[in-house]
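What the coordinates show
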Amino acid sequence: MKKFWLLTTLLIGWLLLTGCNNSVVENPEVIDSCTSGDSCTIDIDEPIEQTGNNFQIPAFEELNQAITLCHVDDMWWYDINVTKMAYILPYKDWYIGFDFDAQDGWNLYLTYRTLENPCDVLSTTDTIFWWNPAYKIWDATFRWASYPDNKIFYDQWLKSWIPTQIVAKELNCEPGKYGDGTFDTACTQEAMRYFYDLLIWVENDEYFTQWLKKFKEDIDNGNFRLWSYWRERHDSCLERVKAEIWDVKAWDSEEVRWNYIKLKTEKLHECAKEYLNQ
């Protein structure tokens with residue numbers, strides 16, 4: 001069911017992407033972007049390292065364009081499109097993009113791929129952001145009511161599918177509109193635009209920048225990390241955190257359980273961030 005939910009959610013998100021007809025120039029000092037239909041040119045702090053004279057950073061509206069169909073065979077087999085979302089920033093020999101893992105929300109992480117073998121991910125970061133596209137005001141539980149879809153949160157990390165309480169970005173959209181029967185996609189578009197703009201330096205977030213710089217550093221040093229690496233770090237930190245704090249009991253109230261989740265999430269997130277300073 002998790003994989004089905006993931007595929008359904010990502011398909012909806014990609015189909016809902018819209019943008020402006022902007023082209024991105026290849027000058028590494030500037031990037032064209034558009035706001036409310038107008039194009040603008042801005043300076044960026046870091047130049048983009050181009051890998052070929054013919055490569056153009058995809059415009060926002062192109063992110064859902066399929067490059068190839070990949071077959072995934074784990075606990076469930078399924079096919080999934082690799083799109084231009086995986087090829088946003090040329091870096092060294094290949095390309096940095098982003099992808100999502102999903103269960104109760106979308107967990108964003110960075111990927112590194114070649115064009116020649118798009119189905120093979122060479123390296124990933126840990127999960128960075130968490131966003132809840134399925135938020136419904138009328139059907140929100142005590143916990144998930146705290147995470148409306150007009151806010152992007154920092155993720156606890158890897159496959160926990162748990163956000164922190166820290167808001168990374170408040171989006172310019174009304175929460176819960178997609179789930180009220182109108183299927184308003186404004187928050188989906190705003191969230192995707194934010195993730196895209198971070199990679200092309202139109203938006204800035206210090207925590208994301210730390211992850212991107214660390215990712216590039218790992219690539220420079222030939223340290224390619226995949227899910228097994230992040231899983232091992234998660235398990236190690238989880239054991240450490242569980243030894244530090246109490247555990248919930250079957251008879252504990254929902255409020256006690258919620259407070260435990262918040263504290264454990266905070267401590268696991270702090271452990272995850274230690275990697276950035278290694």
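Residues numbered from 1 in each chain as written. Predicted model: local features only at pLDDT ≥ 70, side-chain atom pairs only at ≥ 80, totals over all residues. Heavy atoms only, no water.

**Concerning the pairing of strand β6 (residues 94-102)**
Every other side chain in a regular strand lies on the same face of the sheet, so the side chains alternate between the two faces. Put simply, the rule reads: Each residue gets one of three labels from its accessible area relative to the maximum for its type: buried under 20%, exposed over 50%, partly exposed in between, using a 1.4 Å probe on protein chains only. Strands here are runs of E lasting at least two residues and helices are runs of H or I lasting at least four, both read from the DSSP assignment and numbered beginning at the N terminus. Here a strand pair is declared whenever DSSP counts at least two bridges between the two strands.
With respect to burial, β6 is a largely interior element, eight of its nine residues being buried. With three bridges connecting them, strand β5 (residues 89-91) and β6 associate as antiparallel partners. Bridge pairing in β6 places L89 opposite I96. Hairpin connection from β5 to β6: two residues lie between these consecutive antiparallel strands, with K92 at a positive phi of about 55 degrees.

**Considering the pattern of salt bridges**
Pairing of side chains with opposite charge becomes possible as their charged atoms draw close. Keep this limit in mind: Salt bridges, as used here, are contacts in which a Lys or Arg side-chain nitrogen is within 4 Å of a carboxyl oxygen on Asp or Glu.
Counted by the stated rule, this structure contains ten salt bridges. One salt bridge connects K267 with E244, and the closest N-O pair in it is separated by 3.7 Å. Linking K267 in helix α5 (residues 254-273) with E244 in helix α4 (residues 227-244), this pair joins segments that are 23 residues apart in sequence. Overall, K267 belongs to the partly exposed group, its relative accessible area being 30%.

**Some details on the environment of K169**
Put simply, the rule reads: By definition, residues are in contact when any of their heavy atoms lie within 4.5 Å. N or O atoms within 3.5 Å of each other form a polar contact, as long as, within protein, one can give a hydrogen and the other can take it, and as long as residues adjacent in sequence are counted only when both atoms are side-chain atoms.
Tracing the backbone through its elements, the reader meets K169 in strand β11 (residues 163-170). When the C-alpha positions of K169 and F153 are compared, they lie 7.0 Å apart, and in sequence the two are 16 residues distant. K169 has contacts with N150, K151, I152, Y194 and E203, leaving out every residue within four places of it along the chain. There is a polar contact of 3.2 Å between the side chain of K169 and the side chain of E203.

**Some thoughts on the state of the cysteines**
Stated precisely, the cut-off is as follows: Throughout, a disulfide means two cysteine sulfur atoms within 2.5 Å of one another.
All chains considered together, the criterion is met by three disulfides. A disulfide bridge connects C70 with C119, and the sulfur atoms are separated by 1.9 Å. Taking the torsion about the sulfur-sulfur bond, which here is approximately -90 degrees, the covalent link between C70 and C119 counts as left-handed. On the criterion of sequence distance, the pair formed by C70 in strand β3 (residues 66-73) and C119 in the loop between β7 (106-113) and β8 (121-124) is long-range, its members being 49 residues apart. The disulfide that involves C173 links it to C187, with 2.1 Å between the sulfurs.

**Focus on the nonpolar core**
Note the following rule: Nonpolar cores are built from buried Ala, Val, Leu, Ile, Met, Phe, Trp, Tyr and Cys residues. Side-chain atoms within 4.5 Å join them into one set.
By size, the foremost hydrophobic cluster in this structure holds 43 residues, and its most contacted members are I96, F98, F129, I152, F195 and L199. Counting residues per element, the ones that place at least two in this core are β5, β6, β7, β9 (129-131), β10 (151-155), α2 (186-199) and α3 (206-220). It is α2 that provides the largest number of residues to this core, a total of eight residues. Contacts of I152, omitting those with residues within four sequence positions, involve F129, W130, W131, I166, V167, A168, K169, L171, A191, Y194 and F195. Counting nine residues, the second-largest nonpolar core is a separate cluster that includes W157, V241, Y260 and A272.

**What to know about the packing of aromatic side chains**
Two descriptors summarise a pair of aromatic rings, namely the distance from one centre to the other and the angle between the planes of the rings. Threshold: Any Phe, Tyr or Trp ring, taking Trp's six-membered ring, that has another such ring centre within 6.5 Å forms a pair; planes under 30 degrees apart are called stacked, those over 60 apart edge-to-face, and the others tilted. Whether a charge sits over a ring comes down to the Lys NZ or Arg CZ being within 6 Å of the ring centre and within 35 degrees of the ring normal.
In total, this model carries 28 aromatic pairs according to the counting rule given. Here the aromatic rings of F98 and F195 are separated by 6.2 Å at their centres, their planes lie at 65 degrees, and the arrangement is edge-to-face. With F98 in strand β6 and F195 in helix α2, this residue pair connects regions lying 97 residues apart in the sequence. Residue F98 shares its accessibility class with F195, and that shared class is buried. Ring centres of F100 and F195 lie 5.7 Å apart, and the angle between their planes is 55 degrees; this geometry places the pair in the tilted category. Highlighted residues: F100 in strand β6 and F195 in helix α2, separated in sequence by 95 residues. Overall, the relative accessible area of 3% leaves F195 in the buried class. The side chain of R193 reaches across the aromatic face of F60, ending 4.1 Å from its centre. The positively charged end of R225 is found above the aromatic ring belonging to Y229, 4.4 Å away from the centroid.

The values reported here are purely geometric and, on their own, carry no functional implication.
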